Amino acid sequence: MAFIGTLVEECAASLPVGGDRTGKDRERIAVSNWDTLSGLAGTVGAGTIRDLLEKDPSRATRLVVEGAGVTLDFSRQRVDESVVDALLALAQERGVLDRRDAMFRGDRINVTEDRSVLHVALRMPKDESLIVDDVDVVREVHGVLDRMKAFADRVRSGDWVGHTGQRIRNVVNIGIGGSDLGPVMAYEALRDYSDRDLTLRFVSNVDGTDIVEALHDLDPAETLFIVASKTFTTLETMTNAGAARDWLKKGLGDDADVAKHFVAVSTNADKVAEFGIDTANMFGFWNWVGGRYSMDSAIGLSTMIAIGPDDFDDLLAGFHAMDQHFLTAPPAANLPLLMGLLSVWNRNFLDCPTVAVLPYEQYLVRFPAYLQQLTMESNGKRVRLDGTPVESETGPIYWGEPGTNGQHSFYQLIHQGTSTIPSDVIFFAEPLHEVGDQHDMLIANALAQAAVFALGRTAEEVAADGVPAELVPHKVMPGNRPCSVIMVQKLTPFALGSLVALYEHTVFTAGAIWGIDSFDQWGVELGKVMAAALIPQLQDGDAGAPTQDSATTSSVARYRAARGR
Ligand code: G6Q
């Protein structure tokens, strides 16, 4: 597969103003990479995956790439080499690899927050260095990692004790968004590697039910809270941290040394001290780590306590291996680049608004939820880096559940609904638990679904099965649902790291094509401000700002009445 196709955009502006354009000029204008892809959408994209596979069976072995232990089979995508070449040419034209290099260098590519984007530095080996603004960030990263390891070892060995001298048996991470979704996902994914003598819980929601249920059977004398908040100002986290402190004092007495039961992960030392946590027990990170890109920073402290420092190192090594693959693999064999480009093809040229993430691995139960934040908070944007409106659709909606459960639920809509929903089917070749032949059953289901997504079942095939004519339309499966099959040898910490980094860089690639800032999240701010203004209205009946909309005012009144206020 050639990297850059022969198609190079020729800007109309470079032609003589008002001058006569020759036929050749017109032809060159007409073949911008985006136009080429639009043309291919009407030919290859309008065809069927069934035809592609029938006419060219060897695509099943050609359209497969490997990197950092992950194998991507995209032979069931509605593409051929001409599409892939045009997508790679588009990546070249849009400067995706230059932007990748700028990220790895530490340039401030998060322009709206004027920040570097350096989650890749979180997993660089100790003997490497990366100087950004005269600071060796790798040295800083390993300084924190070393402190985390010493602390994790103390908790795991029983050396760290609480107020009464009892060892810690319960670890509760309090955080939300990027300070929760990664740790929860990683804990669930790596449960088989975790110390089963420790109970890990995660509290995120400001809904009091979350913390009540998390703590109801725990002994405060044996419980350690990790308050994980980059800013240490987040309403939900600070409220839950306060509730945890109250619970602890209620259980251990007002004079209890709560510092023995609280540590913090934050970039804000002042606020940590103000809360009453000893900053000696604070693990820092940096403003160049975005929340949704932080599970391998100190935000991963709960993960490290659960699985131990060595396995955490293995996780980091997996991230790093995929980073290196993204940085060095030739474009046509570059997994994240190709996956990002395929997502652009499906979104912009095949007009698919959503993507189903279907892990055939029970331990990845929270992986779709994790990816929802990673993909949708990153690429749910409507203006470009310079503030001008985007010219195409941007980030699709990601959703999903582990297979086979989803098969007995929403797969019906993927198979026979009116939208075309592409999917990522993910599985591990070796199971962590060999229970009879259940793993073969699991993988048979994954591959069967991928086949049905791609091929479907025609009316002729259904009729040939002897189905009565009136039922044939109900049993036809249109197929032609693009599907990537992602296989990894075994679910290890390394594999999880490489899988997460794969999606991080996939999101990066698509965002770079769209020219958006994948690293800010301004859209979540307004609701927070309004919620803060509404709290006193709900409690004290203050009528609110004169500009407040009538629907909100009326809802507030109904709520107050329902609460007898
Ligand atoms: C992620 C977002 C967001 C953030 C949470 C928690 O990229 O920035 O999800 O992680 O709002 O923020 P704090 O860690 O500051 O509490």
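Residues numbered from 1 in each chain as written. Predicted model: local features only at pLDDT ≥ 70, side-chain atom pairs only at ≥ 80, totals over all residues. Heavy atoms only, no water.

(A) Up close: the pairing of strand S1 (residues 64–67). Burial of the side chains of S1 is restricted to one face: Val65 and Gly67 are buried, whereas none of Val64 and Glu66 on the reverse face is. Of the strand pairs in this sheet, S1 and strand S2 (residues 70–76) are connected by four bridges, and their pairing is antiparallel. Bridge assignment links Val65 to a residue of S2, and that residue is Leu72. Connecting S1 to the antiparallel partner S2 that follows it, the hairpin turn spans two residues, and Ala68 within it adopts a positive phi of roughly 50°. (Buried < 20%, exposed > 50% of the residue type's maximum accessible area, 1.4 Å probe, protein only. Helix = DSSP H or I, 4+ residues; strand = E, 2+ residues; numbered from the N terminus. Pairing = 2+ DSSP bridges.)

(B) Broad picture of the side chain of Asn480. Mapped onto the secondary structure, Asn480 falls in the loop between helix H19 (472–475) and strand S13 (483–490). Ignoring sequence-local partners within four residues, the contact set of Asn480 consists of Gly47, Thr48, Ile49, Arg78, Thr420, Phe453, Ala454 and Leu455. (Contact = heavy atoms within 4.5 Å.)

(C) Highlighting the sheet that holds strand S12 (residues 423–430). Spatial ordering of the open sheet is given by S1-S2-S13-S12-S10-S11, a layout of six strands whose pairing is mixed. Looking at strand neighbours, the two that pair on one side only are S1 and strand S11 (397–400), the edges of this open sheet. Neighbouring strand axes in the sheet, compared pairwise and without regard to direction, differ in orientation by 20° on average. Here five bridges tie S2 to S13, and the two strands are oriented antiparallel to one another. Note that in S13 the partner of Asp73 across the bridge is Val485. Each of S1, S2, S11, S12 and S13 touches helix H14 (residues 335–349); the most contacted strand, S2, lies at about 35° to it. (Axes fitted to C-alpha atoms, helices over the stretch in contact; angles between N-to-C directions.)

(D) Region of interest: the site of the ligand. In the vicinity of the ligand, 13 residues are found, and the nearest of them are Ser179, Ser229, Thr231, Thr234 and Gln373. Note that an oxygen atom of the ligand is positioned 2.9 Å from one of the backbone N or O atoms of Gly178. Here an oxygen atom of the ligand sits 2.7 Å away from a polar atom, N or O, in the side chain of Arg292. Across the shell around the ligand, the residue classes tally to one nonpolar, nine polar and three charged. (Near = heavy atom within 4 Å. Polar contact = N/O pair within 3.5 Å; in protein donor to acceptor, adjacent residues only side chain to side chain. Nonpolar A, V, L, I, M, F, W, Y, C, P; charged D, E, K, R; others polar.)

(E) Up close: a negative patch on the surface. A surface patch of like charges, here negative, comprises Glu430, Glu434, Asp437 and Asp440. In this fold, Glu430 is placed in strand S12. (Patch = residues over 30% accessible without salt bridge, like charges linked within 9 Å, V, L, I, M, F, W, Y side chains within 5 Å. Areas by Shrake-Rupley, 256 points an atom, 1.4 Å probe, with all protein chains shown as cover. Salt bridge = Lys/Arg side-chain N within 4 Å of Asp/Glu carboxyl O. Lys, Arg positive; Asp, Glu negative; His and termini not counted. Charge placed at Lys NZ, Arg CZ, Asp CG, Glu CD.)

(F) Region of interest: the packing of aromatic side chains. Overall, the coordinates contain 18 aromatic pairs when judged by the stated rule. For the pair Phe367 and Tyr370, a centre-to-centre distance of 6.5 Å together with 20° between the ring planes defines the contact as stacked. One end of the pair is Phe367 and the other is Tyr370, both in helix H15 (residues 367–379) and three residues apart, which spans about a single turn. Accessibility classification places Phe367 together with Tyr370 in one group, the buried group. One aromatic cluster is present, built from ring pairs that chain together Phe225, Phe232, Trp247, Phe262 and Phe275. (Phe/Tyr/Trp six-rings, centres within 6.5 Å; stacked < 30°, edge-to-face > 60°.)

(G) How the structure looks around the pattern of salt bridges. In this structure the tally under the stated criterion is 28 salt bridges. Across the pair Lys55 and Asp51 runs a salt bridge whose closest N-O atoms are separated by 3.8 Å. Residue Lys55 and its partner Asp51 are both found in helix H3 (residues 49–55); the two are separated by four residues, about one turn of the helix. For Glu113, the salt bridge goes to Arg115, with nearest N and O atoms at 3.9 Å. Within this structure, Arg123, Asp296, Asp323 and Glu504 form a network of salt bridges that share partners.

(H) Structural view of the nonpolar core. Core analysis: the largest hydrophobic core is formed by 122 residues, its most contacted members being Trp345, Phe367 and Leu496. Filtering out sequence-adjacent residues up to four positions away, Trp345 remains in contact with Leu37, Leu40, Ala41, Gly45, Arg78, Val79, Val83, Leu87 and Leu350. The next biggest cluster of nonpolar side chains, apart from the first, holds 24 residues, and it includes Ile211, Leu215, Val272 and Phe275. (Core = buried A, V, L, I, M, F, W, Y, C linked by side-chain atoms within 4.5 Å.)

(I) Region of interest: the confidence of the model for the protein. Of all residues in the protein, 95% attain a pLDDT of 70 or more, and the chain-wide mean is 94. Here residues 2–30 is a poorly scored stretch, pLDDT under 50, and it has 30 contacts once near neighbours within four places are set aside; other chains count. (pLDDT = per-residue confidence, 0-100.)

(J) The arrangement of the environment of Ala532 in detail. With respect to the secondary-structure elements, Ala532 resides in helix H21 (residues 525–540). Between the C-alpha atom of Ala532 and that of Ala562, which follows or precedes it by 30 residues, the distance is 21 Å.

(K) Region of interest: the packing of H15 against helix H20 (residues 493–514). At a closest axis distance of 10 Å, the pairing of H15 and H20 adopts a crossing angle of 25°. Viewed along their axes, H15 and H20 adopt a mutual orientation that is roughly parallel. In this structure, H15 crosses over H20, and the sense of that crossing is right-handed. Taking contact as the criterion, the partners of Phe367, Tyr370, Leu371, Leu374, Thr375, Ser378 and Asn379 in H15 are, on H20, Leu499, Val500, Tyr503, Glu504, Val507, Ala510, Gly511 and Trp514. Grouping the amino acids of the contact of H15 with H20 by side-chain chemistry returns ten nonpolar, four polar and one charged. (Parallel < 35°, antiparallel > 145°, perpendicular 65-115°, else oblique. Left-handed = near helix turned anticlockwise from the far one by under 90°.)

(L) The arrangement of helix H13 (residues 309–328) in detail. Across its 20 residues, H13 extends 28 Å between first and last C-alpha, which sits within 8% of the 28 Å expected from 1.5 Å per residue. Where H13 is concerned, the buried positions are Pro309, Phe312, Leu315, Leu316, Gly318, Phe319, His320, Met322, Asp323, His325 and Phe326. (Expected span 1.5 Å × (residues − 1).)

(M) Seen up close, the side chain of His439. You can see His439 is positioned in helix H17 (residues 438–455). Judged by its relative accessible area of 9%, His439 falls in the buried class. Apart from residues lying up to four places away in sequence, His439 is in contact with Phe428, Ala429, Glu430, Pro431 and Glu434.

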